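Examination of the molecular architecture
What follows is the residue order along each chain.
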Amino acid sequence: MKNWGFNISKPRAIDFDTADTSEYSKIIEKVPSAQRCLMCGACAATCSASNHIDFNFRNCHLKYRRGQFEGLAEEFDKCMLCGKCKLVCPRGVNTRAVIYNMRIFLNDLNYKNIE
Amino acid sequence: MNYHPFILPFSLGAIFLFAVISFKFILWIRNLDRKQRYFVNKNIFSFKTISAFWEVIREALIHRNIYKKNPLLGYMHMSLAFGWFLLIVVGKIESSLYAGTFFEEPWLAIFFKYFAKEQHEFFGAAFFSFAMDFLLLIVLSGVFLAVIKRFISKFVGIKKATKHNKFDRIALASLWWIFPLRLLAESSTAAISGNGDFLTGSVGTLLKAIPVEALELPLWWAYSSVLCIFFVSLPFSRYMHIPTEIVLVFLRKWGATIGEQYSGLTDIQINSCSRCGICIDACQLNFAASINNVQSVYFIRDTRYGNLTDNVANNCLMCGRCVEACPVGLELTLVRQQLRNKAEIPGKHYFDYSQAKTIKDKTDVIYFAGCMTHLTPTIIIAMKKIFNEAGIRFWFMDEDKGLCCGRPMRQQGYIQQSKDLISKNMRLIASSGAKLLVTSCPICYKSFTEEYVLDIPVMHHSEYIKTLIDNKSLKLNKTDLSIVFHDPCELGRGSGIYEQPRDILKQVGELRKCSLEREEALCCGGSLANTVIELETQIKIRNHALEVLTESKPEVLATACPLCKKSFIHGNKAKVMDIAEIVAENIILQTKIKTLTKQSMHLTKDLKTKIN
């Protein structure tokens, strides 16, 4: 078949019965304010890293919440932890702490000194 | 031979103590990193060693620093440390003179009164007897103060005392009992054989009321056992700080500093903490947000006993108030940064961003606003105005696609990632060929000055504006604006810049004082270093800081950090402005004057030609 450059996208419905949301509850435990997030995307809009490269914290947050961890660890490596997102958040979410904790949970090995 | 079995607990304890301390010291010194070894080797045979000796006497024996904080607390430490030291030294001389040889039994000095019962005549016997009683009295007064301090800590100026663990309690209890038991044991012997002086003699007379012969040996046994308990518990308790601090003073004098990685010096610093709890009183998380289990003293303790939790490690503003307050001078924020260190994946590059921005035309000055300054654009506008008015061409390095300076990464322990950003920024700065780097953010400033290897000077904008004013490139209006200056943590305590911003503000308006400023300045609460506290806690810290800052009801609260500005501005207590904004508002516009004079000169020329 000829390559159009377009194809039919796979179904992306998330089955919440099988999705792993337990990891996200750990984040909520660490950063309770994450519950207040209304996915407005202000964090992604101000992001210094997304100025250079395709990185969207709002997207990552949503994926993490739904238990879709594929490729997230590499995605978070793009963050410079500069903290701008935390300052612009209209809901007062400590987004920087959310990213920080997600990084650690996604890559436990990286966290050697403190259990 | 002067021997009695009761010396055994003391002797065994002392041998154990010596063995454990030597083992630990050898281990730590072997673990020093390369840079630290280099400094030790370089400076070990220099005058620095002599000045280290002097500092050991001043700090470890006389405790001058604590004395300055609170005279009573200083006296307590001095009487215990210096008093006990003199008891050992004078006791040793006394026993050597008595035995007629320097190599008498090592325990003779400790239990001298028991073994030297008969009337003895040697050079200065009466003096030594008096001196030993006097020194014992001094030490006992210190113990007395220590007991009072344990129950009423406000008495010696400490608001919140440290909560101790079981090792500390055992060591503390035995320490309290050593000197009262020594007094009782010596007095009981004095009561029997009459070899006491003014203190032991008089207590001995009192003891005669009870059957003292039966008590004498048990008392000496108790004294020796308590000494043994103290010696055995010392290396595992906070009293390990006594020997370790001496090593720390020497290493510090020789120039060894804490690096990026955990090393032997970190161990030495951790063990030098006396858990006095002065850092608890200094910590804003304690007095403004009532969090009191994460302060440096607990952080160091948990690290030492290997039960550090990430809550304790990460719950810190890294404002440096505790570093300023610490009487031992530990580099607490750096130790914390080391323990946040994450494992590195060798050779991996994290930020494969294409070159942020390439320079088009060469300029003398680079302006690096910093991420936070981009959220307070008025500072950028003000800086642009200042540059233009001073007639300086500059390159705005992170105008559009800027990179972070790397410090936030480093503070969370991602050293390799931080280095990645640093090398990218350094390449950019080097390629520009500029002669000066000006930044608006104290966080970036600290990073540029300490972590970057640059061959051009770095200035914070407050320093830069000061030089512009000094060389008359900028002229400012003097107004009657009342201003209070807030010292940002990274600029003040972090980089030691206190005067320049104040000098500028004095030229613009009336600078008012604040009760906590300079080294004691409060953090705005917005610090990036803390990933545990939430907005609610930050607001508590900010409100407390605002209250202190606006005591004198100033019209403007000036700061030099975009992050502080961002935190304070929502407090609605006073108008918050950055130094650059205040300056930009009050510049006497020279470009305008110049163009006007130029125009008028042209006009007069025209007129003259017309008239002619």
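Definitions and limits used
- Residues numbered from 1 in each chain as written.
- Chains lettered and ligands numbered in written order.
- Predicted model: local features only at pLDDT ≥ 70, side-chain atom pairs only at ≥ 80, totals over all residues.
- Helix = DSSP H or I, 4+ residues; strand = E, 2+ residues; numbered from the N terminus.
- Rg over C-alpha atoms; globule rule 2.2 N^0.38 Å.
- Buried ≥ 20, exposed ≤ 12 C-beta atoms within 10 Å, placed from the backbone.
- Contact = placed C-beta atoms within 7 Å.
- Nonpolar A, V, L, I, M, F, W, Y, C, P; charged D, E, K, R; others polar.
- pLDDT = per-residue confidence, 0-100.
- Pairing = 2+ DSSP bridges.
- Axes fitted to C-alpha atoms, helices over the stretch in contact; angles between N-to-C directions.
- Core = buried A, V, L, I, M, F, W, Y, C linked by C-beta atoms within 7 Å.
- Expected span 1.5 Å × (residues − 1).
- Parallel < 35°, antiparallel > 145°, perpendicular 65-115°, else oblique.
- Left-handed = near helix turned anticlockwise from the far one by under 90°.
- Domains from an automatic or database assignment.
- Bend = angle between axes of the 7 residues up to and from the residue.

Another aspect to go through is the overall build of chain B. Along the backbone of chain B there are 28 helices and eight strands. Against the compact-globule benchmark of 25 Å for 612 residues, chain B has a radius of gyration of 32 Å, which places it well outside the compact range. In terms of principal-axis extent, the alpha carbons of chain B reach across some 125 × 55 × 50 Å. Going through the 612 residues of chain B one by one, you find that 47% of them count as buried.

The next point concerns the overall build of chain A. Looking only at helices and strands, chain A features six helices and zero strands. N-terminal to C-terminal, the α/β element order of chain A is α-α-α-α-α-α. In chain A, which comprises 115 residues, the proportion classed as buried is 35%. Nonlocal contacts in chain A, meaning residues at least 24 apart in sequence, comprise 63% of its contacts between residues at least 6 apart.

To continue, consider the interface of chain B and chain A. Accessible area lost on assembly of the parts is the figure often given for the size of an interface. Across the boundary between the two partners, chain B contributes 24 residues, which contact 25 residues of chain A. Taken together, the residues of the side of chain B that touches chain A sort by class into 14 nonpolar, five polar and five charged.

Residue and element names in this part refer to chain A. Looking at chain A, pLDDT values average 84 and 92% of them are 70 or higher. When pLDDT is averaged over each element of chain A, helix 2 (residues 42-46) comes out on top at 92 and helix 4 (residues 72-76) at the bottom at 85. With pLDDT under 50 throughout, residues 109-115 is counted as low confidence; its partners more than four residues away or in other chains account for 15 contacts.

A word on the sheet that holds strand 8 (residues 575-578) of chain B. Residue and element names in this part refer to chain B. Judged by pairing direction, the sheet is parallel, and its four strands sit side by side in the order 6-5-7-8 without closing on themselves. Either end of the sheet is taken by a strand with one partner, and the two such strands are strand 6 (510-512) and strand 8. With direction set aside, neighbouring strand axes in the sheet form an average angle of 40°. As paired strands, strand 5 (residues 482-486) and strand 7 (residues 556-559) are joined by four bridges and run parallel to one another.

So, on to the nonpolar core. With 140 residues, the main nonpolar core has Ile 366, Ile 386, Ile 465, Ala 558, Ile 579, Ala 580 and Val 583 of chain B as its most contacted residues. Here this core gets six residues from one element, more than from any other, and that element is helix 6 (residues 95-106) of chain A. Ranked by size, the runner-up nonpolar core spans 45 residues in total, among them Leu 227, Leu 234, Tyr 239 and Met 240 of chain B.

With that settled, the discussion passes to helix 25 (residues 535-549) of chain B. Under the 1.5 Å per step criterion, the end-to-end length of helix 25 of chain B is 20 Å for 15 residues, consistent within 8% with the ideal 21 Å. Buried residues belonging to helix 25 of chain B abut helix 14 (284-287), strand 5, strand 7 and helix 26 (562-569) of chain B.

This part is about the packing of helix 8 (residues 166-193) of chain B against helix 10 (residues 212-233) of chain B. Residue and element names in this part refer to chain B. Put simply, helix 8 and helix 10 touch, their axes get as near as 7 Å, and they point 150° apart. Classified by the angle their axes make, helix 8 and helix 10 are roughly antiparallel. In terms of crossing hand, the pair formed by helix 8 and helix 10 is left-handed.

On to the domain arrangement of chain B, then. Residues and elements named next belong to chain B. Looking at chain B, the domain boundaries give domain 1 (70-117 + 127-236), domain 2 (263-339), domain 3 (365-468) and domain 4 (476-585). One C-alpha centre belongs to domain 2, the other to domain 4, and the line joining them spans 25 Å. Taken together, the 12 residues of domain 2 in the interface contact 16 residues of domain 4. For the side of domain 2 that touches domain 4, a count of residues per class yields six nonpolar, five polar and one charged.

Attention now goes to the environment of Ala 42 of chain A. Residues and elements named next belong to chain A. Relative to the helices and strands, Ala 42 resides in helix 2. Spatially, the C-alpha atom of Ala 42 lies 24 Å from that of Leu 106, the residues being 64 residues apart in sequence. Beyond its immediate chain neighbours, meaning those up to four positions away, Ala 42 contacts Val 88, Cys 89 and Pro 90.

Looking now at the sheet that holds strand 1 (residues 365-368) of chain B. Residue and element names in this part refer to chain B. Spatially, 2-1-3-4 is the arrangement adopted by the four strands of the open sheet, whose pairing is parallel. Of all strands in the sheet, those bounded by a partner on one side alone are strand 2 (394-396) and strand 4 (458-460). Within this sheet the neighbouring strands show an average axis-to-axis angle of 25°, counted without direction. Where strand 1 and strand 2 come together, three bridges link them in parallel fashion. Each bridged residue has a counterpart across the sheet, and for Ile 366 the counterpart in strand 2 is Trp 395. Where helix 22 (residues 442-450) meets the sheet, its contacts fall on strand 1, strand 3 (436-439) and strand 4, and the angle it forms with strand 4 comes to roughly 160°.

Residues and elements named next belong to chain B. If you check helix 5 (residues 71-99), its first and last C-alpha atoms are 40 Å apart, about what 29 residues at 1.5 Å a residue would give, namely 42 Å. Of all the bends found along helix 5, the most pronounced is centred on Met 78 and spans about 25°. Within helix 5, the full set of buried residues consists of Leu 73, Met 76, His 77, Ser 79, Leu 80, Gly 83, Trp 84, Leu 87, Gly 91, Glu 94, Ser 95 and Tyr 98. In the core, the buried residues of helix 5 are packed alongside helix 4 (64-69), helix 6 (112-115) and helix 7 (125-151). Just past helix 5, the residue Gly 100 takes up positive phi, approximately 75°.

Another point: unusual backbone geometry. Residues and elements named next belong to chain B. Look at Arg 275: it is not a glycine, yet its phi comes out positive at around 50°. Relative to the assigned elements, Arg 275 resides in the loop between helix 12 (264-271) and helix 13 (278-282). Unusually for a residue other than glycine, Lys 472 sits at a positive phi of about 65°. Tracing the backbone shows Lys 472 in the loop between helix 23 (461-470) and strand 5. Judged by the 9 C-beta atoms lying within 10 Å of it, Lys 472 is exposed.

Right, let's get into the environment of Leu 285 of chain B. All names here are of chain B. In this fold, Leu 285 is placed in helix 14. Along the chain, Leu 285 and Cys 316 lie 31 residues apart, while their C-alpha atoms are 8.0 Å from each other. The residues touching Leu 285, leaving out its near neighbours within four places in the chain, are Ile 291, Val 294 and Leu 317.

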